[in-house]
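# Coordinate analysis (summary)
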Amino acid sequence: NSILELGQANSMNFSILIPTKDRVEELKRCIMSFYSTACFKSKIEFLIRIDTEQNEELVHKLLNLQREMFEQGIFIRTLCAKGSAYKDLHEYMNLLANYATGYWLLLATDDCIMKTYNWDITIDNYRTAKYCVINPCGNGLNLFPIVSRPFYETLKHISLQTHYDSWISTCA
């Protein structure tokens, strides 16, 4: 595993964990949707997991995207590691969570789009609930769970199975 970091994480409130395979444009759209709708942009970090079994050209495109985002003030950590995409999704999230510095861990995918303005303020209002899992969909399916750091640290992982969203819902 290797990690490329541009800039420095200082007291982040939000760590957005995004595994990706070969969808650079979708990833960029995802990152920009979270960044552009947040109120406190400097309190957000993105952690991206790239599968190094993909071709070298793709890895360079993703690293160039990281540099481009950094120039816009967006803090991204890119982790390159071998894996087998969907089958190891929970391991990707566990690995990213290990590097995260935020109080809130937002589990996303590269095709996830944030449409809610000031989402960061809304989520941070739950900070008083120490062991917290937020269901942003508001229904029985917790497709993109938001996990507090104390919840993650108690379990010492995000998930032990591929369907990490179901796992988190069950544990919560």
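Everything below is about the structure shown above.
In this report, we go over the structure that sits alongside the text. Keep in mind that this is a model prediction, so the values were computed, not measured.

## Structural notes on unusual backbone geometry
The backbone of Asn118 sits at a positive phi, close to 60°, despite the residue not being glycine. Looking at the element boundaries, Asn118 is found in the loop between strand S5 (104–107) and helix H4 (119–124). A relative accessible area of 37% means that Asn118 is categorised as partly exposed. Here Lys156, not a glycine, exhibits a phi torsion of approximately 70°, which is positive. Looking at the secondary structure, you find Lys156 in the loop between helix H5 (149–155) and helix H6 (164–171). We classify Lys156 as exposed; its relative accessible area is 67%.

## Observations regarding H6
All buried positions along H6 are accounted for by Tyr164, Asp165 and Ile168. Along the axis of H6, the buried residues cluster in a sector spanning 100°; they form a single face.

## Examining the environment of Trp167
With respect to the helices and strands, the residue Trp167 is situated in helix H6. Separated by 25 residues in the primary sequence, Trp167 and Asn142 place their C-alpha atoms 9.8 Å from one another. If near-sequence neighbours (up to four positions away) are discounted, Trp167 is found in contact with His157, Ile158, Ser159, Leu160 and Gln161.

Cut-offs and rules
- Residues numbered from 1 in each chain as written.
- Predicted model: local features only at pLDDT ≥ 70, side-chain atom pairs only at ≥ 80, totals over all residues.
- Heavy atoms only, no water.
- Helix = DSSP H or I, 4+ residues; strand = E, 2+ residues; numbered from the N terminus.
- Buried < 20%, exposed > 50% of the residue type's maximum accessible area, 1.4 Å probe, protein only.
- Arc of directions from axis to C-beta.
- Contact = heavy atoms within 4.5 Å.

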